[in-house]
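Here's the letter readout for the chains.
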Amino acid sequence: MYATTGYRNAALRKTLLAAALAASFSGAIHAQATSGRISGQAPIAENETVLVEGANGLVREVPVDTKGRYVADALPLTTYKVSLRVGGNTVDSRDNVTLRVGIATDVSFESSAPSAAHAQDLSGVSVSATALPKIDVTSVSSSTIITSQDLAKLPLGRSAESIALLAPGTVPGSTYFKNALGGSVVSFAGSSVTENAYYVNGLNTTDPLSGFGGISLPYGAIDQQEVLSGGYSAAYGRSDGGVISQVGKSGTNEWHAGAQVLWAPAFAQSDARDIRYLHGGDEKGTIFQRNAQNKQWVTTVDGYAGGPLIKDKLFIFAAVEAQRTEGNDVGSRNSAYDTQYRYEDPKGYVKLNWNINQNNILELTGLSQTHRSTGEKYNYDYDTLSNGDYASDDQTLKTSARIWVGKFTSYITDNLTLTAMYGKSKLSYYNEPIDSGVTGPFIGGADQQNPALTGGRIITNGQTLDTIDNPDHKSSNRNLRVDLNYKLGDHSITAGIDNQDSKDIQDGTTIGGAGYELWYAHGDADKNVSDNPYVGMPGNYPGGQTGYFAYIRHYNTLATVAVKQRAQYVEDNWQVNDRLLLSLGVRNDQFTNYNPFGVAYLRLTKPQWAPRLGFSWDVNGDSSLKVYGNAGRYFLAMPASVALRTASGSLAVNEYYTYTGIAADGTPTGLTPIASATGGGVSPNGEYGQAPDPKTVSAKNIHSESQDEFILGFDKQLNDAYVWGMKATVRHLNNALDDVCDNGAISRAAEAQGADLANVTIGSCYLSNPGRANVYQLKSADGGYTNVTVTNKDFGFSHLKRNYYGLDTYLSHPFDGTWGAKIDYLYSRSYGNTEGQVRTDVGQGSVSASRDWDYETLMEYANGYLANDRKHVIKFYGSYQVAAEWMLSANVTVASGTPRECLGLYGTAQNDPSGYGSYYHYCDGQPTRPGDKGRNPWQENIDLTAEYRPEWAGKKLAFNATVFNVLNQQRANQIDPVYGTTTTVKDSYQRVISYQTPRYFRLGVTYDF
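What comes next is a walk through the structure. (Residues numbered from 1 in each chain as written. Predicted model: local features only at pLDDT ≥ 70, side-chain atom pairs only at ≥ 80, totals over all residues. Heavy atoms only, no water.)

**So, the sheet that holds strand β6 (residues 89-98)**
Within the open sheet, the 4 strands sit side by side as β3-β2-β5-β6. Their pairing is antiparallel. Whereas interior strands pair on both sides, the edge strands pair on one side only; in this sheet they are β3 (59-63) and β6. Looking at each pair of strands side by side, their axes are set apart by 20° on average, direction ignored. Inspection of the sheet shows strand β2 (residues 48-54) paired to β3 by 5 bridges, in the antiparallel sense. By the bridge assignment, V52 is partnered in β3 with R60. (Pairing = 2+ DSSP bridges. Helix = DSSP H or I, 4+ residues; strand = E, 2+ residues; numbered from the N terminus. Axes fitted to C-alpha atoms, helices over the stretch in contact; angles between N-to-C directions.)

Here's what the structure looks like:
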């Protein structure tokens, strides 16, 4: 294998290369790392050292211990030359050693005694993904590492989430949800889409408002992306889903530059499927939303340059990316406009690396990302399926992120290393409301207008302005990490702090147009619109005899809120003997959430111990078979935006009316108020605009969301070309945080415990640990507080449950210059009565303020398959060099469908005791658990890329063509579960929410020099 002195190095049986595959088989000891390390064995000799020389000018010389072992830690990601030296003379060498983030790359030297004959005239060898697939026995966690080389080959979407979907256990999130910059979201191993963490060069870039996604690098600036699906070390937390960690490229001693242009032309897209009504009268089978006319053109231009500003000392790497999307989107019958939109998504990245001296390194990163949306709206005629006149400009949205990160590494001694990272991010969320020229309200649910009054057509006023987000809305985030590692014999001990402060500044939404929304609805004429809070039967009022009614919605939030997160940890990676490694760690997290007045309404600062225990057993002692496992607890903080609905005095009130006519502008006439509990507008969650006492917002004994995880697996080298492995994962949610709104149950418990109900104030909703006993502080008339304990039995709840079981198996062949591939099969089960912070089935994105747990009736028969459950998922990806100039690559996913459900009115009587409408786990008066209605269809998605890299251009020029969804399979991702009643089935029931993206092509030209 090594052309050094003609011998085959037997010690290379311990080379740790599984982690160097396109998808590594087990992750780093320190997840979310930004560096790697080199370690290995050497023959024992006096005055023996290992010299590490990087392409970035870094030079380190470390000793070989009395057992013949050495390690060079915290190395920036680049290629290295590694030399064995005795008495200052080089006796053996390995060149082009490529590091992977967080991974220990083994570079071992021959077991025979070193001699001068081995020195100076050695040819290089690459310890990289093209080498033999040895197994990394130094890691205990589960991660997938995708390198820039992999990204250049595989047919992928240009986002962190698209890359993350290569990892087992990762599935697409609902199309209901988008991240702060308009991109998609993902779910890891049964967790909700807001429970993940994002990192760029070590900085936590997770959306500080609600946890939907995070900021990521320009695609061409990604050196490596690590996807953590479990088992990461005590150094990191704040996620009980998964972790997406990107490390950006750095400059080296050689100048390199390049550019790329990509086109996804509209003419090469297949028509999307229209969404149709499945229920209703004349509407059944007709088009609800026209998608076949939707087309878009995407152009992406990017470039990069990197090299030395001062050779061996100071380096720069810079990259820019500009993506422009132009297309049209036809709205549903409820919003019948063809919006012709433009999205502009520029990104920028620059990184400076300064080798201050051999022992101290400074890295500085700057990152910017913007998403800007503009457009025009045209009236759309669903009778002729064609556009009409110009209606208005679309709302202008501009979300911008600016980030900088500084990281300092000091090799204080051979055994003591200090790393410190500090970073800041600032986001602005500018929006410019639509100037529709209409003074009337936005009209929602227009297809629910009484057809006896409209002649079966929809009447609207042309108002396209719905809600207005505050244009001065901003957020900020600061993250400080300090880590100190000390090697003591067989122990590598690391301790550190991880502090983060987030602030949501002037966040709020109001209703535009006339200052209120107008909604039409249809229900059972002889049933209350709502039982709690009480809203009467429409049939008792003029115009409501057939169940048609309308309501006016008032909504307003505006506040500045903050979150403070602190953590400390210590961890020992103990090499017990040559075959057994133990990773023993513990982390302590503290979280504090503040209301708009700077007062803590949620203080979780008592010790929250999160143990992390792992092992790795090199069974045969030659890195050919590893058995590994870990157990850990993970805590999750509440994001900042939770305070907007729970602690800031928000307004969300509906006023209900029947009507006897509809004016030409779509507004109802002949209005008659429907009787209500307040005599006017009602709010199911008690949001009447008054800021609550911060001591009464959450349960007094509340605990953070936490999850326990257990993993056991093995990796087996079958031969020099293949590695096979299996892994079992179990996840159990211990606590969740959600609002509980059954003040009747709280009142009964308070009275039973001796409280004078006339002298205490009981709120409407409390942030709680659902499924457990909660202690609430009720404000007394004398200014004091009365503690009331409300048990699970008092609420009528079952215990909280979210369990995940997964069994994963894979077979991998690393790229050997001709071909490389990995196939992975995962069988999993995700079930329980709570998805987590959000509800995918109905698209409810109010973090920890979902309909779940508000009332007992909503949780009856809630236990079932959870929304992100996919029992079977097969993933395959790889590349084949069919000729010297041609390469083919594929990315294939075959997945079973997500569970279906039916949500109707409550019980056999089909009434609405909690005032939430058709959101109970009953269908046609019968109990229906999630999944009882079967599943959405299987999906088989195939993406292919062909690349031509001609010899006549020195292979610096490349042409590529990618086709996504080759089969043009367009099956339902999700359907609407809201049923209604036996007598009045909702028109929207079982209607498709979204289909798979239809087939489209992407063409590209790349030049690197």
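**Regarding the nonpolar core**
Ranked by size, the top nonpolar core spans 47 residues in total, and within it Y601, L602, Y776, L778 and F795 carry the most contacts. Counting residues per element, the ones that place at least two in this core are β32 (548-575), β34 (600-604), α4 (642-646), α5 (743-752), β45 (766-768), β46 (774-780) and β47 (785-790). Considering each element in turn, this core owes the most residues, 4 residues, to α5. Once residues lying within four places of it in the same chain are set aside, the contact partners of Y776 are A699, V740, I746, Y766, S768, T786, N787, V788, V790 and F795. L58, A74, L84 and I103 belong to the second-largest nonpolar core, a separate cluster that totals 27 residues. (Core = buried A, V, L, I, M, F, W, Y, C linked by side-chain atoms within 4.5 Å. Buried < 20%, exposed > 50% of the residue type's maximum accessible area, 1.4 Å probe, protein only. Contact = heavy atoms within 4.5 Å.)

**Here's the deal with a nonpolar patch on the surface**
Taken together, the side chains of L718, W724, L807, L811, I823, Y825, Y827, I874 and F876 make up a nonpolar region of the molecular surface, amounting to roughly 740 Å² of accessible area. Sorting the residues of the nonpolar patch by element identifies β48 (802-813), β49 (819-832) and β51 (872-883) as the ones contributing at least two each. In terms of residue count, β49 provides more of the nonpolar patch than any other element does, 3 residues in total. On the secondary structure map, F876 appears in strand β51. (Patch = residues over 30% accessible without salt bridge, like charges linked within 9 Å, V, L, I, M, F, W, Y side chains within 5 Å. Areas by Shrake-Rupley, 256 points an atom, 1.4 Å probe, with all protein chains shown as cover. Salt bridge = Lys/Arg side-chain N within 4 Å of Asp/Glu carboxyl O.)

**Focus on the sheet that holds strand β8 (residues 142-147)**
Strand order in the open sheet formed by 5 strands is β8-β13-β14-β11-β12, and the pairing between neighbours is mixed. The outermost strands of the open sheet, each flanked by one partner alone, are β8 and β12 (203-204).

**Digging into the packing of aromatic side chains**
Applying the stated rule across the entire model yields 30 aromatic pairs. Where Y304 meets F317, the ring centres are 5.8 Å apart and the plane angle is 20°; that geometry is what we call stacked. Of this pair, Y304 sits in strand β18 (residues 296-310) while F317 is found in strand β19 (residues 314-330), placing the two residues 13 residues apart along the sequence. Relative accessible area serves as the criterion here: at 22%, Y304 is assigned to the partly exposed category. Judged by relative accessible area, F317 falls into the buried class, the value being 4%. Summarising the aromatic geometry, the rings of Y855 and Y916 are spaced 5.9 Å apart at their centres and angled 75° between planes, so their arrangement reads as edge-to-face. Linking Y855 in the loop between β49 and α7 (856-859) with Y916 in the loop between β53 (903-904) and β54 (922-923), this pair joins segments that are 61 residues apart in sequence. Just as Y855 is buried, Y916 falls in that class too. The structure contains a cluster of three or more aromatic residues connected by ring pairs, namely Y766, Y776, F795, F797 and W853. (Phe/Tyr/Trp six-rings, centres within 6.5 Å; stacked < 30°, edge-to-face > 60°.)

**Digging into α5**
An α-helix turns once per 3.6 residues; consequently, residues spaced three or four apart project the same way. All of the buried residues along α5 are A745, I746, S747, A749 and A750. Lining the buried residues of α5 we find β45, β46, β47 and α6 (792-795).

**Let's talk about the state of the cysteines**
For the structure shown, the criterion picks out 2 disulfides. The residue that forms a disulfide with C741 is C765, at a sulfur-sulfur distance of 2.0 Å. One disulfide, between C741 and C765, carries an S-S torsion of 110° and so falls in the right-handed class. Within this pair, whereas C741 is found in the loop between β43 (738-740) and α5, its partner C765 is found in the loop between β44 (760-761) and β45, the two being separated by 24 residues in sequence. Paired by a disulfide, C902 and C923 hold their sulfur atoms 2.1 Å apart. Here the S-S torsion is close to 65°, and the disulfide linking C902 with C923 is therefore right-handed. A residue pair is termed long-range when its members are at least 10 positions apart, and C902 in the loop between β52 (886-895) and β53 and C923 in strand β54 qualify at 21 residues. Grouping residues by exposure puts C902 and C923 together as buried. (Disulfide = S-S within 2.5 Å.)

**Digging into the pairing of strand β5 (residues 79-86)**
Remark: a regular strand shows side chains that alternate across the two faces of the sheet. The pairing of β2 with β5 spans 7 bridges and is antiparallel. Bridging across to β5, V50 finds its partner in L84. As defined by bridge partners, β5 adjoins β6 across 7 bridges and the pair is classed as antiparallel. Each bridged residue has a counterpart across the sheet, and for V86 the counterpart in β6 is N89. Between the antiparallel neighbours β5 and β6 lie 2 residues, among them G87 with a positive phi of about 60°.

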